[in-house]
Amino acid sequence: MKRYLMYINGQFVPARGAKWFPVYDPSTEEILAEVPDAGPEDVDAAVAAARDAFEKGAWSKMTAQDRGRILFRMAEKLRSQAAALAKLETRNCGKPIAESEYDIADAATCFEYYGGLATKVMGQVNPVPANALCLSMREPVGVAGQIIPWNYPLLMAAWKLAPALAAGCCCVLKPAEQTPLTALEFARWFEEVGLPPGTVNLVTGFGETAGAPLAVHPQVNKVAFTGSVEVGRKIARAAADSLKRVTLELGGKSPNIFFADADFETAIDGALFGVFINQGEVCSAGSRILVERKIYTKFTEAMSAKAKTIRLGSPLERETKMGPLVSKEQYERVTSYLEIGKREAKLCAGGGRPSGFGKGFYVEPTVFCDVDNRARVAREEIFGPVAAVIPFENESEAIRIANDTHYGLAAAVWSRDIFKAFRVVKAMRAGIVWVNTMQPTYVEAPWGGYKQSGYGRELGPWGIEEYLETKQVFVNLDEAPIGWY
Ligand code: ADP
Ligand code: MG
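Rules used throughout
- Residues numbered from 1 in each chain as written.
- Chains lettered and ligands numbered in written order.
- Predicted model: local features only at pLDDT ≥ 70, side-chain atom pairs only at ≥ 80, totals over all residues.
- Heavy atoms only, no water.
- Buried < 20%, exposed > 50% of the residue type's maximum accessible area, 1.4 Å probe, protein only.
- Helix = DSSP H or I, 4+ residues; strand = E, 2+ residues; numbered from the N terminus.
- Pairing = 2+ DSSP bridges.
- Right-handed = clockwise from strand over helix to strand, strands pointing away.
- Salt bridge = Lys/Arg side-chain N within 4 Å of Asp/Glu carboxyl O.
- Contact = heavy atoms within 4.5 Å.

Draft legend 1. Representation of the pairing of strand S9 (residues 170–174) in the model. S9 sits mainly inside the fold: five of its five residues count as buried. Residues Cys170, Val172 and Lys174 line one face of S9 and the alternating positions Cys171 and Leu173 line the opposite face, and both faces are buried. For strand S8 (residues 143–147) and S9, the ladder comprises five bridges, and the chain directions are parallel. Bridge pairing links valine 143 to cysteine 170 in S9. Since S8 and S9 lie parallel, the crossover through helix H5 (residues 153–167) that links them has a hand, and here it is right-handed. The pairing of S9 with strand S10 (residues 200–202) spans three bridges and is classified as parallel. Paired with leucine 173 across the strands is leucine 202, a residue of S10.

Draft legend 2. Spatial organisation of the pattern of salt bridges. Applying the stated criterion to the full structure yields 30 salt bridges. Between glutamate 393 and arginine 293 there is a salt bridge, with the nearest N and O atoms lying 3.1 Å from each other. Of this pair, glutamate 393 sits in the loop between strand S17 (386–392) and helix H14 (395–403) while arginine 293 sits in helix H11 (residues 293–307), placing them 100 residues apart in sequence. On the basis of relative accessibility, which here comes to 43%, the residue glutamate 393 falls in the partly exposed class. Using a relative accessible area of 42% as the deciding quantity, one classes arginine 293 as partly exposed.

Draft legend 3. Fine view of the environment of alanine 210. Structurally, alanine 210 can be placed in helix H8 (residues 207–216). It is 10 Å that separates the C-alpha atoms of alanine 210 and alanine 176, two residues lying 34 residues apart in sequence. Apart from residues lying up to four places away in sequence, alanine 210 is in contact with Ala38, Val43, Lys174, Val203 and Gly205.

Below, the structure written as structure tokens:
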């Protein structure tokens, strides 16, 4: 069995406590590898390395052109290693191989985007009413602590590292304990592509023992987190003492709204794709499916029938459309919601473990119909292949139900009537709203939530902003005496 080391200050190292923990293949439940079980002392070492690198400036004071070139090389490395990385990603998190391939390509695109953006970070001249040159300059925020989830392991690492590096920050990244392998493989190329030691550090470990010390660390200037609301709150509290900058991308219970005038077949596919992609382990999953009463029965029948045809299997097989959930813990969490749902609503498809699977954390794509928006399966993020279908009578009721949630990450609306579709778009309290589609996500566009789905925006120019400070520089050009003393 393979033992990985983590990456601190340009070296592959074990945890100082010499402890290890296993990571699994969720389709076989077998141990895939062991990784270092980092504790606070390892986090200290990683933060010290990042701090030192930042202060010495090998990265932060490198020209933006050179930093951009190195980001391009990171992208090239991902592309040249894509097949192996995708396979490892799939084995570690259970997503279908085609989805992993897509994710690795997307991660490369993210490094390319921010490689290009590195040279477009610009200051301004401010038109103050004085004989002066008043400038605003952009500078890296410093050391970034980055904590990511297990649903898109390498892609989430890219979303965090690429904008931070483009800004000139040094990073300590903690992958999710379930899925650290692809990031560790990627680190094997960091020296070769030209990242100076300490620029990117990877600490593998659990939330309480490795994540929490990173979030609270006084030498970390900014913490970026993607994960659950519950942990997001802890991060915000941990960051408060040192007043570090925080961005949080948390969960969702996103509405996917279908009006009767939507194209029916596309709508059914959009509903299924919106909620079941990546086994439903998606923060923007369209897990509340709102359907206009006029088409409700036909819709729920067609959707349920098609859900039953989704092919589950080994995620390494190309025909597989849905793999296992990531872990035993997640399997138990999702199956407990299946029992809750059966008490609260009408089960129309799935509802348990698929037959013929002796091993692996497989759950059937599940459709609950006639769900009340107050039901737990309509309010709580399940993070698995579970759809709650809710009928509505008219546009205003659809809007009311859609916004009746503590979350506000995403929403989608399906209609051929552009007036109606845009009225709904404007009414949605959500950070991303799709029209006649759901889930396409591009690095050029902002990503993040309203309400308890977090704060800050990733991707695009918004993403790099979160890693930049603004310095005002006031240059006096007036040789007259100063002030009134
Ligand atoms: P899930 O429960 O689905 O795994 P989490 O929000 O718990 O989602 O985990 C997302 C990331 O947050 C993981 O990298 C995890 O290790 C980390 N994490 C969990 N608890 C904490 C914590 N108290 N402080 C910092 N990070 C944490
Ligand atoms: Mg957790």
